[in-house]
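A structural walkthrough
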Amino acid sequence: MSKISKLKIHPLLAVACVVIIVAGMQAIAPVLNLFLVALLLAVSILPVLTWQLKRGWSRTLALSLTTLLIAVIGASLAAVLGLAINNVVGKIPFYKQRVTELYQSALTYIESIGIKMEDIESLELLSPDRLFSIGSGFLEGIFSSFGNFFFILLLMIFILIQFSEMHVRAELGEYGEDSWQSRFGEIANDLKKYISINAVSGLMAAIANVILLVILGVDFAVMWGFLSFFFSFIPNIGFILSVIPPALIALLEYGWPHCLIVVVGFIAINTVVDNVIKPRFLGQEFEISILTVFISLLFWGWVLGPIGAILGVPMTISAKKIITFMNKDMDREDNFPIPQNQTKIDD
């Protein structure tokens, strides 16, 4: 019987290839992140495009309507965030005054229990200016992530154009079962499931958080709800990042009781969503343990930077699928098809 010998690679060579690939990704992370975010967003909105194409709508019409939807969502998001930022800037003097008052109250209490003020003040860690600088830097870091927002939207549109062409050709049966287009489609389907699960669970938590903040009268409840939804795509530490800003605002506006209520409320809401609902669905769909999720968060955060915290699980899902495809190819008798005009290698 004639066949191609199985593809074999030395383990050390495989490790070297992985190291080179990871180093390359780390070197071009600023550019690669834009493409990966655009790709992930394009995959998330792909069902809207394919729904139109499956109903016989022309490719031009489907792309136009999908592009219009992206533009509306992008403009609405930019308007909401812009308004929220302007409102935050308008209340900065009030917040700074409250930080100073809380700082002075803390110093008075520390002095009353016999602790030397010089030991505390010499650290300069709790001064109002420093605390305010940390808070401002935190918010600036969050919103700076949207600095390339419109470029990402444009890149999304070009990716969707390619997706639409692939969908039309796939419907015509032009792609084989093991073609890269078909395999990319399988990866895209897994990513769509992951995104939908996170989006639904994150939206549930965000709505509940907004209702809690509105009831308590905390400023900018909608913006904190949006950040809660955004951070829901960051496993494990996303909740911590989402609770810090509204808790601090509640502290500055109303004092410790409201701050504690916000923290306890967020813990109750997000514990149910993050530790009961989402892991259950993710475990059933992708068989990913909590340890794997945490390791992927650390690894991809190291390779791609802060945005890797969001891309970590999708990248891990994609890598796992690619490894499955590679094992499938290596287990086949014929790894590569041989043209009829070439001689096969005998055993």
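Thresholds applied
Residues numbered from 1 in each chain as written. Predicted model: local features only at pLDDT ≥ 70, side-chain atom pairs only at ≥ 80, totals over all residues. Heavy atoms only, no water. Helix = DSSP H or I, 4+ residues; strand = E, 2+ residues; numbered from the N terminus. Contact = heavy atoms within 4.5 Å. Patch = residues over 30% accessible without salt bridge, like charges linked within 9 Å, V, L, I, M, F, W, Y side chains within 5 Å. Areas by Shrake-Rupley, 256 points an atom, 1.4 Å probe, with all protein chains shown as cover. Salt bridge = Lys/Arg side-chain N within 4 Å of Asp/Glu carboxyl O. Buried < 20%, exposed > 50% of the residue type's maximum accessible area, 1.4 Å probe, protein only. pLDDT = per-residue confidence, 0-100. Phe/Tyr/Trp six-rings, centres within 6.5 Å; stacked < 30°, edge-to-face > 60°. Core = buried A, V, L, I, M, F, W, Y, C linked by side-chain atoms within 4.5 Å. Expected span 1.5 Å × (residues − 1). Axes fitted to C-alpha atoms, helices over the stretch in contact; angles between N-to-C directions. Parallel < 35°, antiparallel > 145°, perpendicular 65-115°, else oblique. Left-handed = near helix turned anticlockwise from the far one by under 90°. Nonpolar A, V, L, I, M, F, W, Y, C, P; charged D, E, K, R; others polar.

What follows is about the side chain of Thr-66. Here Thr-66 lies in helix H3 (residues 59-90). If sequence neighbours within four positions are ignored, Thr-66 has contacts with Ile-45, Val-48, Leu-49, Gln-52 and Leu-160.

Among the surface-exposed residues, Trp-51, Trp-57, Leu-61, Leu-65, Leu-68 and Val-72 lie close enough to one another that they form a single nonpolar patch of about 560 Å² accessible area. Given a relative accessible area of 45%, Val-72 falls into the partly exposed group.

Moving on, we come to the confidence of the model for the chain. Model confidence for the chain is summarised by a mean pLDDT of 78, while 79% of its residues fall at 70 or above. Mean pLDDT in the chain bottoms out at helix H5 (residues 117-121), which sits at 57, and peaks at helix H2 (residues 29-54), which reaches 88. For residues 1-6, every residue scores under 50 in pLDDT, and the model assigns this stretch 21 contacts once sequence neighbours within four places are set aside. The low-confidence segment residues 340-347 (pLDDT under 50) makes eight contacts with residues lying over four places distant or belonging to another chain.

Under the definition given, this model contains eight aromatic pairs. Here the aromatic rings of Phe-299 and Trp-302 are separated by 6.2 Å at their centres, their planes lie at 50°, and the arrangement is tilted. You can see Phe-299 and its partner Trp-302 sitting in helix H12 (residues 290-304), three residues apart, about one turn around the helix. Taking relative accessible area as the criterion, Phe-299 reaches 33% and is therefore assigned partly exposed.

Across all of its chains, the model carries five salt bridges by this definition. For Asp-219, the salt bridge is made with Lys-91, and the minimal N-O distance between the two is 2.5 Å. Of the two residues, Asp-219 sits in the loop between helix H8 (180-216) and helix H9 (221-231) while Lys-91 sits in the loop between H3 and helix H4 (92-112), which places them 128 residues apart along the sequence. Its relative accessible area of 19% is what places Asp-219 among the buried residues. A salt bridge links Lys-321 to Asp-190, with the nearest nitrogen and oxygen atoms 3.6 Å apart. Here Lys-321, found in helix H13 (residues 308-331), pairs with Asp-190, found in helix H8; they are 131 residues apart in sequence, far enough to count as distant. One network of salt bridges, in which partners are shared, links Lys-91, Asp-219 and Glu-253.

Turning to the nonpolar core, a few remarks are in order. Counting 42 residues, the largest nonpolar core has Met-25, Leu-49, Leu-160, Phe-163, Leu-304 and Leu-311 as the members making the most contacts within it. Residue assignment for this core shows that the elements contributing at least two residues are helix H1 (11-27), H2, H3, helix H7 (149-171), H8, H12 and H13. Here the element with the most residues in this core is H2; it accounts for 14 residues. Contact partners of Leu-304, with chain neighbours within four places excluded, come to Met-25, Ala-29, Leu-32, Asn-33, Leu-36 and Leu-311. Membership of the second largest hydrophobic core comes to 30 residues, among which are Leu-81, Leu-213, Trp-224 and Leu-227.

In this model, H3 (32 residues) spans 46 Å end to end at C-alpha, consistent with the 46 Å of a helix rising 1.5 Å per residue. When H3 is considered as a whole, its buried residues turn out to be Ala-62, Leu-63, Thr-66, Ile-70, Gly-74, Leu-81, Ala-84 and Val-88.

The contact between H8 and H9 brings their axes to 8 Å, and the two run at 155°. Viewed along their axes, H8 and H9 adopt a mutual orientation that is roughly antiparallel. Classified by chirality, the crossing of H9 by H8 is right-handed. Here Ala-199, Gly-202, Leu-203, Ala-206, Asn-209, Val-210, Leu-213 and Val-214 of H8 come into contact with H9, specifically with Ala-221, Val-222, Trp-224, Gly-225, Ser-228 and Phe-229. Partitioning the contact of H8 with H9 into residue classes produces 10 nonpolar, four polar and no charged.

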